[in-house]
Amino acid sequence: MAAAMGPACGRSGRLLRFLGPRTARGSRSLSSVTGPGGLAGAALRENPGDDSDEQQKKQNTANTRKIILRVSGLMGVLAGGALVYVFGSNSVDEQGNKIPDEFDSDPPFVQQVRRTYKYFKDYRQMIIEPTSLKLLPDPLKEPYYQPPYTLVLELTGILLHPEWSLVTGWRFKKRAGIDNLFQQLAPLYEIVIFTSETGLTAFPLIDSVDPHGFVSYRLFRDATRYMEGHHVKDISCLNRDPSRVVIVDCKRETFKLQPYNGLAIKRWDGNSEDRALYDLTAFLKTIAVSGVSDVRTVLENYSLEEDPLEAFKRRQTQLEQEEQQRLSELSQLSKRPTMSLGSITSRLWPRSKQQ
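Owing to the predicted nature of the structure, the values given are computational and were not obtained by experimental measurement.

## Re the UniProt feature "transmembrane region" (unreviewed entry) in the protein chain
Turning to step 1, where the next piece is worked out: Taken from the UniProt record, the annotation "transmembrane region" (unreviewed entry) applies to residues 67-88.
Turning to step 2, where the next piece is worked out: Segment residues 67-88 splits into 95% helix and 0% strand. End C-alpha atoms: 31 Å apart.

So this is what it looks like as structure tokens:
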């Protein structure tokens, strides 16, 4: 019995020895999962790694930004230095000799900076302010003829309409009534084209609009005063009597410095049936023929009208009707028999008052 159990016990011992390490390892594995150093410990060990990676990314981003800012600052300094060098140097004559100026007595670097500042200040002034405070020459004197009034016309939207297509590109349509306006008003008005377009664009357009030379002068964008996003036409710079200057434009902002010198008509949309320039000619001719001493007293009456030309036509029609009625009454009175002084007096004062 003991002998029989001996081999069994030996096998059991070997089995235990065989299973023992695995069981121990299993126990250690289970304890590693459930114990203080288990999943929670693993998670705690992983989180510091994630935080360090996130911090590393933030650090890399910050370093990249610093590098970009430094490079941008360096480029800005180099660009500023180049501007100071280019625009701060002395002007030269045709032979390449330096032209002296008021900055020659300053230290070299200060000279460069002050010349650069003056250049950009003058450039800004050129954009904002008119090129001159006297945009037109003095009026003509006898024996030359100087029209009594001055008419300032915008080009785009008043005389021309821009159109664009894939086939032709930009083209400008001529408004009906331009030739009639020039012919009728040239003896009465000194005609000036004053446009907010650049001279490079507008000069050939004016040549095409006025082949016979009715336009006396041409003024472009550089002659305007730039204010609050608008190119304003300042009448005080025209070298003409403001009481005899009429501005015709489709934007009221262009003559806001002298609102009663302007006539804001509707912008032309390219409609071939438009007759506004004929109405404008009649309106301006009426002012000139009537010998108005101050056009502002007339234009003020139309300053609040949405369509001043339509208002003028309406008032003109009303005056014609009143004139026809007056003539009709005069003709009827002339056909009546002549009344004695006594009968006229009896009509003016009742008989009771005479007694």
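The rest of the description comes next.
## Remarks on the sheet that holds strand β1 (residues 149-153)
Turning to step 1, where the next piece is worked out: The strand order across the open sheet built from five strands is β5-β4-β1-β8-β9, with neighbouring strands paired in parallel fashion. Edge positions in the sheet fall to β5 (217-219) and β9 (262-264), since each of these pairs with one other strand and no more. When the angles between neighbouring strand axes are averaged without regard to direction, this sheet yields 20°.
Turning to step 2, where the next piece is worked out: Note: strand β8 (residues 245-249) against β9, three bridges, orientation parallel. Across the sheet, residue V248 finds its bridge partner in β9, namely L263.

## Some details on a nonpolar patch on the surface
Turning to step 1, where the next piece is worked out: Among the surface-exposed residues, W164, L166, V167, W170 and F172 lie close enough to one another that they form a single nonpolar patch of about 700 Å² accessible area.
Turning to step 2, where the next piece is worked out: Checked against the element boundaries, L166 lands in the loop between β2 (160-165) and β3 (169-174).

## Topic: the side chain of T150
Turning to step 1, where the next piece is worked out: Along the chain, T150 falls in strand β1.
Turning to step 2, where the next piece is worked out: Apart from the residues within four sequence positions on either side, T150 is in contact with Y189, E190, V192, R240, R244, V245 and V246.

## A word on the pairing of β3
Turning to step 1, where the next piece is worked out: With six bridges connecting them, β2 and β3 associate as antiparallel partners. Within β3, the residue paired with S165 across the bridge is G169.
Turning to step 2, where the next piece is worked out: Where β2 folds back onto β3 in an antiparallel hairpin, the turn is made up of three residues.

## Here we look at the pattern of salt bridges
Oppositely charged side chains can form a pair if their charged atoms are brought close together.
Turning to step 1, where the next piece is worked out: Evaluation of the coordinates by the stated rule reveals 15 salt bridges.
Turning to step 2, where the next piece is worked out: When the shortest N-O distance is used, the salt bridge between R225 and D234 registers 2.9 Å.
Turning to step 3, where the next piece is worked out: Linking K233 and D249 is a salt bridge whose minimum nitrogen-to-oxygen distance equals 2.7 Å. Of this pair, K233 sits in the loop between β7 (230-232) and β8 while D249 sits in strand β8, placing them 16 residues apart in sequence. Assigned by exposure class, K233 and D249 land together as buried.
Turning to step 4, where the next piece is worked out: Bridged by salt links that share partners, the residues E154, K233 and D249 form one connected network.

## Focus on the nonpolar core
Turning to step 1, where the next piece is worked out: Counting 40 residues, the largest nonpolar core has L151, L153, L159, F182, Y189 and F283 as the members making the most contacts within it.
Turning to step 2, where the next piece is worked out: Counting residues per element, the ones that place at least two in this core are β1, α4 (178-185), β4 (189-194), α5 (199-209), β8, α6 (276-289), α7 (295-299) and α8 (308-335).
Turning to step 3, where the next piece is worked out: Broken down by element, this core gets its largest block of residues, seven residues, from α6.
Turning to step 4, where the next piece is worked out: Excluding residues within four positions of it along the chain, L151 makes contact with L181, L185, Y189, E190, I191, V192, V246, V248 and L284.
Turning to step 5, where the next piece is worked out: Within the second largest apolar cluster, 14 residues are counted, among which are L136, V152, L219 and I247.

Here is what the cut-offs are and how they apply
- Residues numbered from 1 in each chain as written.
- Predicted model: local features only at pLDDT ≥ 70, side-chain atom pairs only at ≥ 80, totals over all residues.
- Heavy atoms only, no water.
- UniProt positions renumbered as here; feature names shortened; annotations may be inferred.
- Helix = DSSP H or I, 4+ residues; strand = E, 2+ residues; numbered from the N terminus.
- Pairing = 2+ DSSP bridges.
- Axes fitted to C-alpha atoms, helices over the stretch in contact; angles between N-to-C directions.
- Patch = residues over 30% accessible without salt bridge, like charges linked within 9 Å, V, L, I, M, F, W, Y side chains within 5 Å.
- Areas by Shrake-Rupley, 256 points an atom, 1.4 Å probe, with all protein chains shown as cover.
- Salt bridge = Lys/Arg side-chain N within 4 Å of Asp/Glu carboxyl O.
- Contact = heavy atoms within 4.5 Å.
- Buried < 20%, exposed > 50% of the residue type's maximum accessible area, 1.4 Å probe, protein only.
- Core = buried A, V, L, I, M, F, W, Y, C linked by side-chain atoms within 4.5 Å.

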